[in-house]
Each structure stands twice: as structure tokens, then as C-alpha cells.
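Below, each chain spelled out in residue letters.
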Amino acid sequence: MHIFGVDIGGSGIKGAPVDLDKGDLAEERHKVLTPHPATPDAVADGVKEVVDHFGWTGPVGITFPGVVTGGAMIRTAANVDKDWIDKDARALLSDRLGGLPVTVVNDADAAGVAEMQFGAGRDRRGTVALLTFGTGIGSALFVEGVLVPNTELGHLELDGHDAETRASTKAKDDNELTWEHWAHRVQKYLAHVEMLFSPELFIIGGGVSRKSQKFLPLIEGIKAEIVPAQLQNNAGIVGAAMRASKEA
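Going by the annotation in an unreviewed UniProt entry, the name recorded for the protein chain is Polyphosphate glucokinase, with Streptomyces lacrimifluminis given as the source organism. Checking UniProt for the protein chain, the heading Sequence similarities (unreviewed entry) contains the comment "Belongs to the ROK (NagC/XylR) family."

Spelled out as C-alpha cells, the structure:
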């Protein structure tokens with residue numbers, strides 16, 4: 001069964017049909033740059049461009065970088081325009097896509113659901129935390145396989161700042177940090193999350209998961225197992241499609 005998934009990020013909007021039997025993209029994904037400012041109308045145009053690229057006419061799952069309630073309503077918008085807050089994203093995006101059925105889900109929650117079913121979290125019990133490092137830091141927390149939605153742990157305080165302003169991939173690039181320096185910041189962040197939630201497993205996702213060998217071996221003193229996401233930066237697309245299939 002194929003369902004379309006779209007992942008809205010701070011830097012790019014990417015999507016593809018997903019083979020839900022395999023938990024993988026059915027076709028090579030298409031990506032457009034996230035507009036700046038990332039207003040609701042501008043982002044909706046980007047989503048439409050991605051979906052139209054494939055001529056898709058069925059249900060669409062779409063991730064959003066913020067708190068999403070009821071598969072529709074946006075409650076926070078850390079790395080996109082604040083006009084998203086209290087917006088009915090499902091109605092907006094469905095209208096822009098010509099009335100296609102749309103489901104909206106927090107981006108890290110989507111990635112986490114995909115990793116728990118098809119990737120590094122498969123068959124893992126206890127407490128599992130997936131953290132996506134990119135423009136910000138997203139989080140998905142699972143207890144005995146059940147998602148605790150919209151945790152947004154990237155906004156925990158670290159050194160007097162939002163953690164994502166210190167330890168995201170964007171922070172690494174903006175401050176021209178070496179892998180060693182950045183790994184030290186990630187280590188401090190993981191230690192803080194571990195102190196609060198005591199997970200048995202950390203799954204590290206986002207685009208940087210493709211380069212996990214450059215920084216994961218540098219992280220020390222964490223009791224939990226730390227592994228890269230197996231679906232890497234496609235996890236959000238797969239998870240969005242999974243959620244859309246469930247609602248359909």
C-alpha cells in the first residue's frame with residue numbers, strides 16, 4: 001500500500017509516496033527549499049509543489065516542526081513563521097491540495113513512529129527517545145512502544161539557552177564548530193535528557209544521522225545505548241504516511 005508523506009523542515013520541504021509494507025520510499029523523494037519567511041501560505045505552496053511533482057491524488061500525511069493537536073491544529077512554531085500558531089493546518093493544506101485528505105503530525109513524532117516500526121527502535125521496549133538534529137532539535141518519546149506526543153525536548157534549557165540553539169546541526173554550522181566541539185554539546189544535552197527520562201535507548205535522527213560515525217564515537221558518559229536512525233532523514237516522510245494511512 002502506498003501513501004504520500006511530506007516532511008516540512010526549517011530548510012526544506014521533501015516528500016514522496018511511501019510503501020507502507022516495506023517502510024521505505026516507493027520513489028525518489030522530491031525536495032524544495034522552505035520559503036523565508038515560512039508563512040502558512042508560502043509553505044502550503046511548497047507542499048503543493050512537492051505533491052504535484054508526483055501527480056498524487058490520494059491521502060497525504062504532512063509533518064510540521066511544532067506542536068500539532070488533533071491532526072490539524074498548530075500550537076507552536078519555533079523554526080517557521082509565527083502566523084502558523086492556532087492555524088488549522090489540515091484545512092489550509094487540504095484546500096491547497098485541491099481537497100485531498102490531509103493529516104498533520106509533529107515532525108519528530110512522525111520520525112519516531114517510523115523508526116519504532118521499521119528502524120532502530122523496532123521490537124525495543126522500555127523508554128526510547130528519538131532526537132532529530134537539524135534546524136532545531138525535535139523529540140519523540142516512547143514508553144513501552146506508546147508515543148508520548150509533542151514532547152518538544154529541543155526547548156529544554158541548556159547552559160541558559162534553548163537546547164536547540166546550542167546543540168542543533170544549525171548551531172554547529174552557524175558557529176563553525178568542529179565535530180568534537182559539537183559532540184561535547186550534544187553529550188551535555190543527552191545527559192540532561194537522560195537525567196529527566198532515563199531512556200534505555202537514544203535514536204539520533206535528522207540529516208546528520210548520515211554522518212553519525214563523525215560524532216557518536218565522541219560522546220561519553222551516557223548510560224543509554226545510542227544509535228543512529230536507520231531511516232535517516234526519510235523517517236519523517238515515512239511516519240507522516242503511516243499516520244495518514246491510520247486516519248484514512
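Engineer: Any chance you could break down the overall build of the protein chain for me, citing the residues and the numbers?
Structural biologist: What the protein chain contains, in helices and strands, is 7 helices and 15 strands. Against the compact-globule benchmark of 18 Å for 248 residues, the protein chain has a radius of gyration of 17 Å, which places it among compact chains. Projected onto the principal axes, the alpha-carbon positions of the protein chain cover approximately 50 × 40 × 30 Å. Per-residue burial for the protein chain yields a buried fraction of 56% across its 248 residues. The long-range share in the protein chain, meaning contacts at least 24 apart out of those at least 6 apart in sequence, stands at 63%. Of the roughly 10,700 Å² of accessible surface on the protein chain, a fraction of 47% belongs to carbon and sulfur atoms. Treating the 24 positive side-chain charges of the protein chain as one cloud and the 34 negative ones as another, the clouds have centres 2 Å apart.

Engineer: Give a description of unusual backbone geometry that names residues and reports values.
Structural biologist: In this model, His36 is joined to Pro37 through a cis peptide bond whose omega is 5°. Of note, Pro37 is situated in the loop between strand S4 (30-33) and helix H1 (40-53). Residues other than glycine seldom take positive phi values, yet Asp86 does so here, at roughly 70°. Structurally, Asp86 is set in the loop between strand S7 (73-74) and helix H2 (89-96). We note that Glu144 has phi near 55°; this positive angle belongs to a residue other than glycine. Mapping Glu144 onto the fold places it in the loop between strand S10 (137-143) and strand S11 (146-148).

Engineer: Can you explain the pattern of salt bridges? Please cite residues and give values.
Structural biologist: Enumeration according to the criterion identifies 11 salt bridges in this entry. A salt bridge links Lys48 to Asp52, with the shortest nitrogen-to-oxygen separation between them at 2.9 Å. Separated by 4 residues within a single helix, Lys48 and Asp52 lie in helix H1, roughly one turn from each other. The partner of Asp159 in a salt bridge is Arg166, with the nearest N and O atoms 3.8 Å apart. Overall, Asp159 belongs to the partly exposed group, its relative accessible area being 44%. A relative accessible area of 24% places Arg166 in the partly exposed class. In this structure, a network of salt bridges that share partners links the residues Asp41, Asp45 and Arg96.

Engineer: Give a description of the sheet that holds strand S9 (residues 127-133) that names residues and reports values.
Structural biologist: The strand order S11-S10-S9-S14-S15 describes an open sheet built from 5 strands, whose pairing is mixed. The open sheet terminates on both sides in strands that have one partner only, identified here as S11 and strand S15 (225-228). With strand direction ignored, the average angle separating the axes of adjacent strands in the sheet is 25°. Relative to S10, S9 is paired through 7 bridges, and the arrangement is antiparallel. Directly across from Leu130, in S10, lies its bridge partner Ala140. Along the sheet, helix H6 (residues 179-197) contacts S9, S10, strand S14 (201-205) and S15; its crossing angle with S9, the most-contacted strand, is approximately 150°.

Engineer: Would you mind going over H6 in detail, with residue names and values included?
Structural biologist: Helix length check: H6, at 19 residues, gives a terminal C-alpha distance of 26 Å against a target of 27 Å (1.5 Å per residue), a fit within 8%. Every buried residue of H6 is listed here: Trp182, Ala183, Arg185, Val186, Gln187, Tyr189, Leu190, Val193 and Glu194. Looking one or two places after H6, you find Ser198, whose phi comes out positive at around 50°.

Engineer: Kindly report on the pairing of S14, identifying the contributing residues and their values.
Structural biologist: A regular strand carries its side chains on alternate faces of the sheet. Where burial is concerned, most of S14 is hidden: 5 out of the 5 residues are buried. Both faces of S14 are covered, namely the face carrying Leu201, Ile203 and Gly205 and the face carrying Phe202 and Ile204. Inspection of the sheet shows S9 paired to S14 by 5 bridges, in the parallel sense. Bridge pairing in S14 places Leu130 opposite Ile203. Bridge count for S14 against S15 is 4 bridges, and the pairing is parallel. Bridging across to S15, Leu201 finds its partner in Glu225.

What counts as what
Residues numbered from 1 in each chain as written. Predicted model: local features only at pLDDT ≥ 70, side-chain atom pairs only at ≥ 80, totals over all residues. Heavy atoms only, no water. UniProt positions renumbered as here; feature names shortened; annotations may be inferred. Helix = DSSP H or I, 4+ residues; strand = E, 2+ residues; numbered from the N terminus. Rg over C-alpha atoms; globule rule 2.2 N^0.38 Å. Buried < 20%, exposed > 50% of the residue type's maximum accessible area, 1.4 Å probe, protein only. Contact = heavy atoms within 4.5 Å. Areas by Shrake-Rupley, 256 points an atom, 1.4 Å probe, with all protein chains shown as cover. Lys, Arg positive; Asp, Glu negative; His and termini not counted. Charge placed at Lys NZ, Arg CZ, Asp CG, Glu CD. Salt bridge = Lys/Arg side-chain N within 4 Å of Asp/Glu carboxyl O. Pairing = 2+ DSSP bridges. Axes fitted to C-alpha atoms, helices over the stretch in contact; angles between N-to-C directions. Expected span 1.5 Å × (residues − 1).

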